[in-house]
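In case you want the letters, here they are:
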Amino acid sequence: MWTSRHLKLTLCLGAALALIACADSTPSSGSVPAPTSDCDQRRERAQALITEAPAACASDADCACYPAFVNCGGVTDRERASAITSLKTDGRDCGYENLEGQSFNCAPRQCTPRCHEGTCGRASGE
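Residues numbered from 1 in each chain as written. Predicted model: local features only at pLDDT ≥ 70, side-chain atom pairs only at ≥ 80, totals over all residues. Heavy atoms only, no water.

Asker: Tell me about the state of the cysteines, residues and numbers included.
Answerer: A full pass over the atoms with the stated rule returns five disulfides. Sulfur-sulfur distance for the disulfide between cysteine 65 and cysteine 111 comes to 1.9 Å. Taking the torsion about the S-S bond as the criterion, the cysteine 65 to cysteine 111 disulfide, at about -100 degrees, is left-handed. Here the residue cysteine 65 occupies a position in strand β1 (residues 63-66), and cysteine 111 occupies one in the loop between α3 (78-90) and β3 (113-116), the gap between them amounting to 46 residues. Owing to a relative accessible area of 28%, cysteine 65 belongs among the partly exposed residues under this scheme. (Disulfide = S-S within 2.5 Å. Helix = DSSP H or I, 4+ residues; strand = E, 2+ residues; numbered from the N terminus. Buried < 20%, exposed > 50% of the residue type's maximum accessible area, 1.4 Å probe, protein only.)

Asker: Quick one: what's the story with the confidence of the model for the protein chain, residue by residue and with numbers?
Answerer: Scored by pLDDT, the protein chain comes out at a mean of 76, with 70% of its residues at no less than 70. Of all secondary-structure elements in the protein chain, the lowest mean pLDDT belongs to helix α1 (residues 4-25), at 41, while β3 reaches the highest, 96. Counting interchain partners and residues more than four positions distant, the pLDDT-below-50 stretch residues 6-35 has seven contacts. (pLDDT = per-residue confidence, 0-100. Contact = heavy atoms within 4.5 Å.)

Asker: Could you give me a rundown of the pattern of salt bridges, with the residues and numbers involved?
Answerer: With the rule as written, the count across this model stands at six salt bridges. The salt bridge involving arginine 42 is made with aspartate 38; its shortest N-O contact spans 3.1 Å. Here the residue arginine 42 and the residue aspartate 38 both occupy positions in helix α2 (residues 36-51), the gap between them amounting to four residues, near one helical turn. Under the relative-accessibility criterion, aspartate 38 is labelled partly exposed at 23%. Among the ionic contacts, a cluster of salt bridges with common partners joins Arg45, Glu52, Asp77 and Arg80. (Salt bridge = Lys/Arg side-chain N within 4 Å of Asp/Glu carboxyl O.)

Asker: Quick rundown of the pairing of strand β4 (residues 119-122)? Include the residues and the values.
Answerer: Look at any regular strand and the pattern is simple: side chains alternate between the two faces of the sheet. Looking at chain direction, β3 and β4 are connected through four bridges and run antiparallel. Among the inter-strand pairings, proline 113 is bridged to a residue of β4, identified as arginine 122. What sits between β3 and β4 in their antiparallel hairpin is a turn of two residues, with glutamate 117 showing a positive phi close to 50 degrees. (Pairing = 2+ DSSP bridges.)

Rendered as structure tokens:
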């Protein structure tokens, strides 16, 4: 026969188990992906770096490739390529989307940065 003490004990035990289950279902901070707004900010910054004034150069050594992030990658000056690479590396959970939120998948291709008449670009034929 259930006494009021048994009933209280059962209710308390059930509540404690529910709290434990809820606490255990919360992901740890290390496994939570970057918030969408952070990814959007990274993409906007990368796009701004890509579309700034043409990447000036004096030699091929002034140019570098940047990875696919908001487009399929390309060539710009070393400083911007490094910044875009950092945005991509730090935002590795952001995926491949353009600024309109459309996913894209790029075919692998070679990237050989060249200085063409004072502006960074790909080697001819790429």
